[in-house]
Amino acid sequence: MKKNIRGIMYTGALLAGLSLGGASHAAQPVRLVVAFPPGGPADTLARVLAKELADELKDSVIVENKPGANGAIAITYVMRGPADGSVLFLSSAGAIAINPALYPSLPYKPQEDLTPISLVVHT
């Protein structure tokens, strides 16, 4: 089965990752989907990170907040996006490590559907 290239970042005690995979983003801006509402620490981190990514990529990076369901709403939204690295995910450990253990019928499998790349924050 072909592995999808999807971006993931998460705050808290876990790793963060970006899957940019050399994809061309000229046709659309990069979207950074945050699993928390605007105004909190994860949103603030996402906005700082978005500015730095935009400078590095020389392209727009748009922060989209999709709070709820311990990150499952945001990750499901990311999974519906293109698998080209143009949609990235910022969340806590919940959507990645906790939800799969608690809910057997999730529409995603983090280890198969997402590609972690680097550490963003460790608290």
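As a reminder, the structure under discussion sits directly above these lines.
I will try to describe carefully the structure that is included in this document.

About the cut-offs
Residues numbered from 1 in each chain as written. Predicted model: local features only at pLDDT ≥ 70, side-chain atom pairs only at ≥ 80, totals over all residues. Heavy atoms only, no water. Helix = DSSP H or I, 4+ residues; strand = E, 2+ residues; numbered from the N terminus. Buried < 20%, exposed > 50% of the residue type's maximum accessible area, 1.4 Å probe, protein only. Contact = heavy atoms within 4.5 Å. Phe/Tyr/Trp six-rings, centres within 6.5 Å; stacked < 30°, edge-to-face > 60°. Lys NZ or Arg CZ within 6 Å of the ring centre and 35° of its normal. Core = buried A, V, L, I, M, F, W, Y, C linked by side-chain atoms within 4.5 Å. Pairing = 2+ DSSP bridges. Expected span 1.5 Å × (residues − 1). Arc of directions from axis to C-beta.

## Some words on the overall build of the chain
Reasoning step 1: Of regular secondary structure, the chain possesses four helices and four strands.
Reasoning step 2: Walking the chain from its N terminus toward its C terminus, one meets helices and strands in the order β-β-α-β-α-β-α-α.
Reasoning step 3: Here the chain holds 123 residues, and the buried ones make up 45% of them.
Reasoning step 4: Within the chain, contacts between residues separated by at least 24 positions form 75% of all contacts whose residues are at least 6 apart in sequence.

## Here's the deal with unusual backbone geometry
Reasoning step 1: Phi at Lys58 is positive, roughly 55°, even though this residue is not glycine.
Reasoning step 2: For Lys58, the position within the fold is in the loop between helix H1 (41-57) and strand E3 (61-65).
Reasoning step 3: With a relative accessible area of 72%, Lys58 lands in the exposed category.
Reasoning step 4: Phi is positive for Ala69, close to 55°, though the residue is something other than glycine.
Reasoning step 5: With respect to the helices and strands, the residue Ala69 is situated in the loop between E3 and helix H2 (72-80).

## Some points on the packing of aromatic side chains
The description of two aromatic rings rests on the distance between their centres and on the angle between their planes.
Reasoning step 1: Across all of its chains, the model carries zero aromatic pairs by this definition.
Reasoning step 2: Geometry around Tyr77 places Lys66 over its ring, the cationic atom sitting 4.3 Å from the centre.

## What about the nonpolar core?
Reasoning step 1: Judged by nonpolar contacts, the single largest core of 14 residues is most densely connected at Ile75, Phe89, Ile96 and Tyr108.
Reasoning step 2: Per-element tally for this core: the top contributor is H2, with five residues.
Reasoning step 3: Of all hydrophobic cores here, the second largest spans 13 residues; its members include Leu32, Leu49, Ala50 and Ala54.

## Considerations on the pairing of strand E4 (residues 87-91)
Reasoning step 1: In terms of burial, E4 is largely enclosed, as five of its five residues are buried.
Reasoning step 2: Here E4 shows two buried faces, one formed by Val87, Phe89 and Ser91 and the other by Leu88 and Leu90.
Reasoning step 3: In this structure, strand E2 (residues 30-34) lies alongside E4, joined through four bridges in parallel fashion. Of the residues in E4, the one forming a bridge with Arg31 is Val87.

## A short note on H1
Reasoning step 1: Between its first and last C-alpha atoms H1 spans 24 Å; for 17 residues at 1.5 Å apiece the expected length is 24 Å, and the two agree.
Reasoning step 2: Every buried residue belonging to H1 is among Ala42, Asp43, Ala46, Leu49, Ala50, Leu53 and Ala54, and all of these are buried. For H1, the angular spread of the buried residues around the axis is 140°, confining them to a single face. Away from its buried face, by an angle of more than 90 degrees, H1 presents the exposed residues Pro41 and Val48.
Reasoning step 3: In the stretch just after H1, Lys58 is the one whose phi turns positive, near 55°.

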